[in-house]
Amino acid sequence: MTETKEKRPFVPVSIAVLTVSDTRTLADDRSGDTLVARITDAGHRLEARAIVPDDKQRIAAQVKAWTLTDTIDVVITTGGTGFTGRDVTPEALEPLFEKRMDGFSEVFHRISYDKIGTSTIQSRATGGVANATFIFVLPGSPGACRDAWDGILKQQLDYRHMPCNFVEIMPRLDEHLKRG
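Everything numeric in this text was worked out from a predicted model, so none of it was measured. The residue numbering used here restarts from 1 in each chain and proceeds along that chain's sequence as written. The model is predicted, so local features are restricted to residues of pLDDT at least 70 and side-chain atom pairs to those at 80 or more, both for listing and for counting; the totals for chains, interfaces and linings are taken over all residues. The side-chain figures draw on all heavy atoms in the structure; neither hydrogens nor water molecules are used.

J.: Sorry, what's going on with the packing of aromatic side chains here?
T.: Ring pairs (aromatic) are described by centroid distance and by the angle formed between their planes. Centre distance within 6.5 Å is the pairing criterion for rings of Phe, Tyr and Trp, where only the six-membered ring of Trp is used; planes under 30 degrees apart are then read as stacked, over 60 as edge-to-face, and the remainder as tilted. Per the counting criterion, the structure on display carries five aromatic pairs. Ring centres of F104 and F136 lie 5.0 Å apart, and the angle between their planes is 50°; this geometry places the pair in the tilted category. Taken together, the positions of F104 in helix α4 (residues 102-116) and F136 in strand β7 (residues 133-138) put the pair 32 residues apart, joining distant regions of the chain. F136 matches F104 in its accessibility class, with the two residues each being buried. For the ring pair F136 and F166, a centre distance of 5.7 Å and an interplane angle of 35° mean the geometry is tilted. Here F166 lies in helix α6 (residues 166-169) and F136 lies in strand β7, a separation of 30 residues in the sequence. Its relative accessible area of 12% is what places F166 among the buried residues. One aromatic cluster is present, formed by F104, F108, F134, F136 and F166 through successive ring pairs. Helix and strand assignments come from DSSP, with helices taken as H or I runs of at least 4 residues and strands as E runs of at least 2, each series counted from the N terminus. The buried label goes to any residue with under 20% of its type's maximum accessible area, the exposed label to any with over 50%, and the partly exposed label to all in between, with areas taken from a 1.4 Å probe on protein chains only.

J.: Explanation requested: the pattern of salt bridges in the structure shown.
T.: Only one rule defines a salt bridge in this text: a Lys or Arg side-chain nitrogen within 4 Å of an Asp or Glu carboxyl oxygen. Scanning the entire structure with this criterion turns up 13 salt bridges. The partner of D114 in a salt bridge is R110, and the shortest N-O contact between them spans 2.7 Å. Of this pair, D114 and R110 both sit in helix α4, four residues apart, roughly one helical turn. Relative accessible area serves as the criterion here: at 56%, D114 is assigned to the exposed category. Exposure remark for R110: the relative accessible area of 51% places this residue in the exposed category. A cluster of three or more residues bridged by salt bridges with shared partners is formed by R24, D29, D33 and R49.

J.: Any chance you could explain the sheet that holds β7 here in plain terms?
T.: By definition, the strands of a sheet pair up through backbone hydrogen bonds, in either a parallel or an antiparallel sense. Spatially, β3-β2-β4-β7-β6-β5 is the arrangement adopted by the six strands of the open sheet, whose pairing is mixed. For this open sheet the edge positions go to β3 (45-52) and β5 (99-100), each flanked by a neighbour on one side alone. Only when DSSP finds a minimum of two bridges between them are two strands counted as paired. Sheet topology note: the β5/strand β6 (residues 126-130) ladder contains two bridges and is antiparallel. Among the inter-strand pairings, K99 is bridged to a residue of β6, identified as V129. A contact between two residues is defined here by any heavy atoms of the two lying within 4.5 Å. Fitting a line to C-alpha atoms yields each axis, with helices limited to the stretch in contact; the angle taken between N-to-C directions then spans 0 to 180 degrees. Its contacts with the sheet put α4 on β5, β6 and β7, and the angle it makes with β7 is roughly 35°.

J.: Would you mind going over unusual backbone geometry with me for this structure?
T.: Peptide bonds are trans in most cases, and residues, glycine excluded, mostly fall at negative phi. Here the amide bond leading from M162 into P163 is cis, since omega sits at 20°, within 30 degrees of zero. Mapping P163 onto the fold places it in the loop between β8 (161-162) and α6. Backbone geometry places N131, a non-glycine residue, at a positive phi of 50°. Under the relative-accessibility criterion, N131 is labelled partly exposed at 28%.

J.: I keep staring at the pairing of β6 and nothing clicks. Help me out?
T.: On any regular strand, side chains alternate: one points to one face of the sheet, the next to the other face. Judged by how many residues are buried, β6 sits mostly within the fold: five of five residues are covered. Of the two faces of β6, the one lined by T126, G128 and A130 and the one lined by G127 and V129 are each fully buried. Where β6 lies against β7, five bridges are found, and the strand directions are antiparallel. What sits directly across from G127, in β7, is F136.

This is the structure in structure tokens:
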């Protein structure tokens, strides 16, 4: 069904990782570390990394700032996708989306279901595009970050992945802004 065309060149993209947590620091951010390792192992560039508390305004401000730079192609967040009162990452970021990526959530839940069963429904993982930047909102566990990267993002962020991938459409994400 899908394949990797080795004749196509690998095109690295620049990725920012945001951990949303009231308690983690860079020293103990296992989920962020999981993403950073996978990003760099795949040959992509880690352009930025930060930790912000579970606060809608601070989450939105950080991600929006990253989407407004020319040096970041993708933002991946980890944390704050559950149902507790402090879990506000989807509420913070979905208003930024110009386009939602419903399929990301659906595929993530299918992959997650194979590993944790019905507990996957306790995540509100989501994705979208804002300011010509892909945004992926992941749960805060290292396992969820592995599942999202290994099962979806690694392939979709690889220009060689066929029949289609995110990298080949990146130059066209802002077409609607260029129309008269």
